[in-house]
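Residue-level structural notes
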Amino acid sequence: MEMISAMVFQLTQGLTIDQIKEQGFADYFVDHTSGIYPVAAAGVPFTASYFQSKGDIITDLHEDMAAEQKARTTYDNILKLVDDPDIIEPIKFLRAREIVHFQRFGEALERTKDRLNCKNFYAFNPEFPTK
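Here is what the cut-offs are and how they apply
Residues numbered from 1 in each chain as written. Predicted model: local features only at pLDDT ≥ 70, side-chain atom pairs only at ≥ 80, totals over all residues. Heavy atoms only, no water. Helix = DSSP H or I, 4+ residues; strand = E, 2+ residues; numbered from the N terminus. Buried < 20%, exposed > 50% of the residue type's maximum accessible area, 1.4 Å probe, protein only. Lys, Arg positive; Asp, Glu negative; His and termini not counted. Salt bridge = Lys/Arg side-chain N within 4 Å of Asp/Glu carboxyl O. Polar contact = N/O pair within 3.5 Å; in protein donor to acceptor, adjacent residues only side chain to side chain. Contact = heavy atoms within 4.5 Å. UniProt positions renumbered as here; feature names shortened; annotations may be inferred. Axes fitted to C-alpha atoms, helices over the stretch in contact; angles between N-to-C directions. Parallel < 35°, antiparallel > 145°, perpendicular 65-115°, else oblique. Left-handed = near helix turned anticlockwise from the far one by under 90°. Nonpolar A, V, L, I, M, F, W, Y, C, P; charged D, E, K, R; others polar. Patch = residues over 30% accessible without salt bridge, like charges linked within 9 Å, V, L, I, M, F, W, Y side chains within 5 Å. Areas by Shrake-Rupley, 256 points an atom, 1.4 Å probe, with all protein chains shown as cover.

In the nomenclature of an unreviewed UniProt entry, the protein chain corresponds to Manganese catalase family protein from the organism Candidatus Avidehalobacter gallistercoris.

Quick look at the structure:
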């Protein structure tokens, strides 16, 4: 989030009012000037409800893997839209980081499944022992 915020700051620093209007940034500017306020591309504000946790390691690792893939896709889409090398290089770094995180969560999931002593590890929550 910090890297994206820094890039947004770089891109909006010193904009004139005309540039703000021309780029469709006026509504955001009214509420936040050029301050960093995390929102999705469609304008939906960030909320902690985006963090998913069920307390079940298998479920949570799948959720973590999905989040990494969604972030990677977002970075892929950004790379299709921009041509500024000062934006492209950090986005490529963030995209690569998401891929590594996905791989590590996948490895953790496999290790978890290997340590369960049930053939159908999706049929129970390993966080709560069965009687």
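Attention now goes to the side chain of D60. Its location among the elements puts D60 in helix α4 (residues 57-81). Despite its burial, D60 pairs with no opposite charge, the nearest such side chain being K54 at 7.9 Å. Of note is the side chain of D60, whose polar atom sits 3.2 Å from the backbone nitrogen of G55. Beyond its immediate stretch of four places on either side in the chain, D60 contacts Q52, S53, K54 and G55.

Summed over all chains, the structure comprises 6 salt bridges. A salt bridge links D76 to R95; the shortest N-O distance between them is 2.3 Å. Placement of the pair is D76 in helix α4 and R95 in helix α5 (residues 85-115), with a sequence separation of 19 residues. Overall, R95 belongs to the partly exposed group, its relative accessible area being 26%. In this structure, K113 and E110 form a salt bridge, with 3.0 Å as the shortest nitrogen-oxygen distance. Within this pair, K113 and its partner E110 are both found in helix α5, separated by 3 residues, close to a single helical turn.

Look at the UniProt record and you will see "binding site: Mn(2+)" (unreviewed entry) annotated at E68 and H101. These annotated residues cover 34 residues of sequence, and their C-alpha atoms lie no more than 6.7 Å from one another, placing them together at a single site. As for its position among the elements, E68 is in helix α4. Along the chain, the position of H101 falls in helix α5. Judged by relative accessible area, H101 falls into the partly exposed class, the value being 30%.

Between α4 and α5, whose axes approach to 9 Å, the crossing angle comes to 160°. Looking at the two axes, α4 sits roughly antiparallel to α5. Two packed elements cross with a definite hand, and for α4 against α5 that hand is left-handed. Of the residues assigned to the contact of α4 with α5, the class counts are 16 nonpolar, 5 polar and 7 charged.

The next subject is a nonpolar patch on the surface. Taken together, the side chains of V44, F46, Y50 and F51 make up a nonpolar region of the molecular surface, amounting to roughly 430 Å² of accessible area. In this structure, F46 sits in the loop between α3 (26-32) and α4.

Now for the packing of helix α1 (residues 2-12) against α5. At a minimum axis distance of 11 Å, the contact between α1 and α5 shows a crossing angle of 170°. By the criterion of interaxial angle, the relationship of α1 to α5 is roughly antiparallel. In contact with M3, I4, M7 and L11 of α1, α5 contributes D86, I87, P90, I91, F93 and L94.

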